[in-house]
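# Geometric and topological summary
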Amino acid sequence: MKKITAAIAGNPNSGKTTLFNALTGARQHVGNYPGVTVEKKEGSRIYKDCQINFIDLPGTYSLTAHSIEEVVARDYIINENPDVVVNIIDASNFERNLYLATQLLELNVPLILVLNMADVAKKQGYSFDTEKLGSFFNARAILTVASKSEGINELLDSIIEKSQIQTEQTPSPLQIHYGEDIEREIDKLEKLVDKKHPFAKKYGARWLCLKLLEKDEQIIGLSQNREILNAAEQSISHLEKLYGDSPEILIAEKRYGFVSGVYEGAVVHTVQHRHQIS
Ligand code: GDP
Ligand code: K
Ligand code: MG
């Protein structure tokens, strides 16, 4: 039987555990991630001759090094290399939840977007162009109501389909463009990182450069090379002088800009008038 590993990532309260339960039923195991007290929930499901192993990652809004949950989630994704990452999004709180999806896009993981709470979103007057949404992330987007097990089979089918695509052969051509000034610094650093960073292959050079510009503590710790760290510091102070803000803030703003574009392209909000609600 083919084995597939699928990690479920999402903001707290997006319905991650409800979805995990709907997917795995009673076949669950709870442990801890090595070295930390963050709970690790695993479960499995047999579907169409595949054994799909699910991991319920800790709930996070982003993938920075600022919280232990975020480090655990991104370390799991980078080190364990799951076949598929399912990003569950609270569809009734779409724009806010999408920030994490931008982080997953940048990690270039095989991604599926699950728009959960579809019932709540519908009542609020939201409708989604899932084709269009998926095209922004090189991912399939699926509507679910996890508390009623709606959309589960479509998700299982998508997981199997996604796991069959050899991601190494088809690197995602999609990336967020950070504007000329930041892109120039990324380019400079990327050349150096590509050649000299001990983990360039594993993390991807562009991602490492972004994290260096964001002063990500964990990544700075892994980047022992003085030349790389000096170059990163030069780039940071150059951008700070230019914009009067830290690259961390500038980069986050660009991600929010990307999210706004996705929202405008893929979401329709019909304001419901009182007399229309029976
Ligand atoms: P987590 O923090 O992401 O693990 O979220 P939970 O799975 O604990 O869910 C948070 C709350 O949302 C619970 O009360 C769930 O019953 C509820 N919930 C989950 N999915 C849905 C859904 O699709 N629709 C609705 N209406 N409620 C949901
Ligand atoms: K919760
Ligand atoms: Mg939970």
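- You'll find the protein entered in an unreviewed UniProt entry as Ferrous iron transport protein B, with Limihaloglobus sulfuriphilus given as the organism.

## Brief notes about the site of ligand 1
- Around ligand 1 sit 15 residues, and of these Asn13, Lys16, Thr17, Thr18 and Asp119 come closest.
- Contacts to ligand 1 include glycine 15, whose backbone N or O atom sits 3.0 Å from an oxygen atom.
- With respect to ligand 1, the backbone of methionine 117 contributes an N or O atom lying 3.2 Å from an oxygen atom.
- Within the complex, 67% of the 580 Å² of free accessible area of ligand 1 lies under protein.
- Looking at the shell around ligand 1, the elements that each hand over two or more residues are helix H1 (16-24) and helix H4 (118-123).

## Here we look at the confidence of the model for the protein
- Across the protein, the average pLDDT comes to 93, with 95% of residues at 70 or higher.
- The ipTM assigned to the predicted complex is 0.97, against a pTM of 0.93.

## Remarks on the domain arrangement of the protein
- The domains assigned to the protein are domain 1 (2-168) and domain 2 (180-244).
- Here the C-alpha centre of domain 2 lies 29 Å away from the C-alpha centre of domain 1.
- Taken together, the 11 residues of domain 1 in the interface contact nine residues of domain 2.
- When the shortest N-O distance is used, the salt bridge between aspartate 216 and arginine 74 registers 2.7 Å.
- Those elements giving two or more residues to the side of domain 1 that touches domain 2 turn out to be helix H2 (68-80) and helix H3 (94-106).

Basis of the calculations
Residues numbered from 1 in each chain as written. Chains lettered and ligands numbered in written order. Predicted model: local features only at pLDDT ≥ 70, side-chain atom pairs only at ≥ 80, totals over all residues. Heavy atoms only, no water. Near = heavy atom within 4 Å. Polar contact = N/O pair within 3.5 Å; in protein donor to acceptor, adjacent residues only side chain to side chain. Areas by Shrake-Rupley, 256 points an atom, 1.4 Å probe, with all protein chains shown as cover. Helix = DSSP H or I, 4+ residues; strand = E, 2+ residues; numbered from the N terminus. pLDDT = per-residue confidence, 0-100. Domains from an automatic or database assignment. Contact = heavy atoms within 4.5 Å. Salt bridge = Lys/Arg side-chain N within 4 Å of Asp/Glu carboxyl O.

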